[in-house]
Amino acid sequence: MAQRMAQAAKLLIGVWIAGVAVAMFLVVPQYEGLGNAGRIIMMHVPTAWVSVLAFSISALFSGLYLWRGQPKHDDYALASAESGFLFTVLATVTGAIFSQVVWGVYWNWDPRQTSIFILLLIYAAMFALRSSIEDVARRRQLSAVYSLFAFVTMPFLIFVAPRISDSTLHPNCAFLQGSKCEGVELGVGRLGLLGDRKVELVGLDRVGDVVTAKVEVTEPGMSSVTALSPTYDTANHKILERPNFPGLRFRLVVEDVNLATNSVRLNIEAPGTGLIDNGRTLFTFLASIVGFTALFFWMLNVRATLLNVEWALARREGSRV
Amino acid sequence: MNTALDAGAAVYVAMAVTLSVWVGIFVYLWRIDTQARALKRELEREDRREQPAAPRSTVTRVREGEPVEK
């Protein structure tokens, strides 16, 4: 009975992810400024989420192995780290494709790309460490300790490093409001930073309810200055004109106007920002996360079973020699 | 000219490719899963077979003249 239910659950994973793939192309609407390329987020974010989950589970089983010393815990720790590595590679590749569409290059050592690359190196080193130690007990013990250390770096590399950096182009605000998403509040004649670009509010024009901000944008290295004029409807609290930063698909927007202090809140609108405001996108996104998480647990189980069989066969051969 | 990759059809082509890749991965995973579980069962069965058989009867010393249940 339990086996039949497990088989049914695996079939359900197959159908579910196929459904997500169809919804990704046919149900999710095109995102303004990104077109069809925005759909890749339905794969990119869930795979990144699963890699975080996988590395956490790997650390959990590594801790259990050090505590209890049972080989099956090491099997699960290794299987989980391998799955996490695979999903991180998927997140990196899908991110690079997105990068090609939005930034014009597959790889530009953006803080987000650099930090995920370092994470991949850290876990690749763990696999190298495992394969370099002959003694099984020692291999397992050292690998478990290493896995715990690697896990400590993971939240920093995935969540912290890209957010404390000023120059990331990664749309951090696509799903969560917060770091670097609050924009900059400027009065007339004041300077501020948006990403790595200096912005200066030169003036504010008001015609009826529409406010136009005259903004001068200075490129990094002070190489050039461009005048942009984003507009905002104060009656309906609506962003109107969204001029592009020169040579980029990022746009400058006025998010709020304070007429009493004659100031505005300026922000960068990256392609992908506010993507899941749409209900169909949100639903498909959540379904994708559920599907990929289930797929990860299935893969984890299969790989752990294989490692267990491999170990049993090696032990058997050893006992016969 | 290239009707397969014009704006409207490209989405369907991309979806077909994605689905094909997923079907391939799913079938591969399903087969590995089935084979791994079969191998594990087989090993467990062999392990049980190789273990020394448990004694099926016990011998009890009986003093001479003592009644014995037959």
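What you see is a predicted model, and the numbers here were worked out from it, not measured in a lab.

Novice: What exactly am I supposed to notice about the overall build of chain A here?
Specialist: A count of helices and strands for chain A gives six helices and nine strands. Taken over 321 residues, chain A has a buried fraction of 46%. For chain A, contacts bridging at least 24 residues in sequence account for 57% of all contacts bridging at least 6. Entry remark: accessible area of chain A is about 15700 Å², with carbon and sulfur atoms responsible for 63%.

Novice: Hey, could you run me through the interface of chain A and chain B in this one?
Specialist: Often, the extent of an interface is quoted as the loss of accessible area upon association of its parts. Contact with chain A, which involves 26 residues of that partner, is made by 21 residues of chain B. Here chain A and chain B share an interface that buries about 2200 Å² over both sides, 75% of which is from carbon and sulfur atoms. The largest per-residue losses of area from chain A upon contact with chain B belong to Phe-25, Trp-298 and Arg-316 of chain A, which jointly make up 26% of the total buried on that side. The partner of Asp-33 of chain B in a salt bridge is Lys-10 of chain A, with the nearest N and O atoms 2.6 Å apart. In this assembly, chain A and chain B are joined by six residue pairs in polar contact (both at pLDDT 80 or more). Secondary-structure elements contributing two or more residues to the side of chain A that touches chain B are α1 (2-26) and α6 (279-320) of chain A. Residue classes in the side of chain A that touches chain B are distributed as 17 nonpolar, six polar and three charged.

Novice: I tried to follow a nonpolar patch on the surface on my own but got confused; where do I start?
Specialist: All names here are of chain A. On the surface, Val-89, Val-93, Ile-97, Val-101 and Tyr-106 cluster together into a nonpolar patch covering about 390 Å² of accessible area. Mapped onto the secondary structure, Val-101 falls in helix α3 (residues 71-102). Judged by relative accessible area, Val-101 falls into the partly exposed class, the value being 33%.

Novice: Quick question: what am I supposed to make of the domain arrangement of chain A here?
Specialist: Along its sequence, chain A is organised into domain 1 (2-163 + 282-320) and domain 2 (184-269). When each unit is reduced to the centre of its C-alpha atoms, the spacing between domain 1 of chain A and domain 2 of chain A is 41 Å.

Novice: Hey, could you run me through the sheet that holds strand β9 (residues 263-269) of chain A in this one?
Specialist: Backbone-to-backbone hydrogen bonds pair the strands of a sheet. The strands run either parallel or antiparallel. All names here are of chain A. Across the sheet, which stays open at both edges, the three strands sit in the order β1-β9-β8 with antiparallel pairing between neighbours. Of all the strands in the sheet, just β1 (184-187) and β8 (251-258) have a single pairing partner and so form its edges. Shown here is a sheet whose adjacent strand axes are inclined to one another by a mean of 30 degrees, direction ignored. Relative to β9, β8 is paired through seven bridges, and the arrangement is antiparallel. Each residue of the ladder has a partner; that of Leu-252, found in β9, is Ile-268.

Novice: What exactly am I supposed to notice about the nonpolar core here?
Specialist: One recurring pattern in soluble globular proteins is that nonpolar side chains are buried together. Core analysis: the largest hydrophobic core is formed by 32 residues, its most contacted members being Ile-57, Phe-87, Phe-292, Leu-295, Phe-296 and Trp-298 of chain A. For this core, the elements supplying multiple residues, two or more each, are α1, α2 (41-68), α3 and α6 of chain A together with α1 (7-50) of chain B. Among the elements that take part in this core, α6 of chain A stands out by supplying eleven residues, more than any other. Among the nonpolar cores identified, the runner-up in size contains 23 residues, and Ile-41, Leu-201, Ala-213 and Val-215 of chain A belong to it.

Novice: Honestly, the environment of Ile-13 of chain A in this entry has me stumped. Any pointers?
Specialist: Residues and elements named next belong to chain A. Along the polypeptide, Ile-13 turns up in helix α1. Classification of Ile-13 as buried rests on a relative accessible area of 11%. Spatially, the C-alpha atom of Ile-13 lies 38 Å from that of Asp-135, the residues being 122 residues apart in sequence.

Novice: So what exactly am I meant to see when it comes to the packing of aromatic side chains here?
Specialist: Under the criterion given, the structure shown has twelve aromatic pairs over all chains. Taken together, a centroid distance of 3.8 Å and an interplanar angle of 15 degrees make the contact between Phe-55 of chain A and Tyr-123 of chain A stacked. Of the two residues, Phe-55 of chain A sits in helix α2 while Tyr-123 of chain A sits in helix α4 (residues 111-132), which places them 68 residues apart along the sequence. For the residue pair Phe-55 of chain A and Tyr-123 of chain A, the accessibility class agrees, reading buried in each case. Measuring from centroid to centroid gives 5.2 Å for Phe-61 of chain A and Tyr-76 of chain A, while their planes differ by 25 degrees, and the two rings are stacked. Residue Phe-61 of chain A is found in helix α2, and its partner Tyr-76 of chain A is found in helix α3; the two are separated by 15 residues along the sequence. By relative accessible area, Phe-61 of chain A is classed as buried at 18%. With relative accessibility at 25%, the residue Tyr-76 of chain A sits in the partly exposed group. Among the aromatic residues, those joined into a ring-pair cluster are Trp-298 of chain A together with Trp-22, Phe-26 and Trp-30 of chain B. When the ring centre of Trp-67 of chain A is taken as origin, the NZ or CZ atom of Arg-68 of chain A, which lies over that ring, is 4.4 Å away.

Cut-off values and rules
Residues numbered from 1 in each chain as written. Chains lettered and ligands numbered in written order. Predicted model: local features only at pLDDT ≥ 70, side-chain atom pairs only at ≥ 80, totals over all residues. Heavy atoms only, no water. Helix = DSSP H or I, 4+ residues; strand = E, 2+ residues; numbered from the N terminus. Buried < 20%, exposed > 50% of the residue type's maximum accessible area, 1.4 Å probe, protein only. Contact = heavy atoms within 4.5 Å. Areas by Shrake-Rupley, 256 points an atom, 1.4 Å probe, with all protein chains shown as cover. Buried area = accessible area lost by both parts, 1.4 Å probe. Salt bridge = Lys/Arg side-chain N within 4 Å of Asp/Glu carboxyl O. Polar contact = N/O pair within 3.5 Å; in protein donor to acceptor, adjacent residues only side chain to side chain. Nonpolar A, V, L, I, M, F, W, Y, C, P; charged D, E, K, R; others polar. Patch = residues over 30% accessible without salt bridge, like charges linked within 9 Å, V, L, I, M, F, W, Y side chains within 5 Å. Domains from an automatic or database assignment. Pairing = 2+ DSSP bridges. Axes fitted to C-alpha atoms, helices over the stretch in contact; angles between N-to-C directions. Core = buried A, V, L, I, M, F, W, Y, C linked by side-chain atoms within 4.5 Å. Phe/Tyr/Trp six-rings, centres within 6.5 Å; stacked < 30°, edge-to-face > 60°. Lys NZ or Arg CZ within 6 Å of the ring centre and 35° of its normal.

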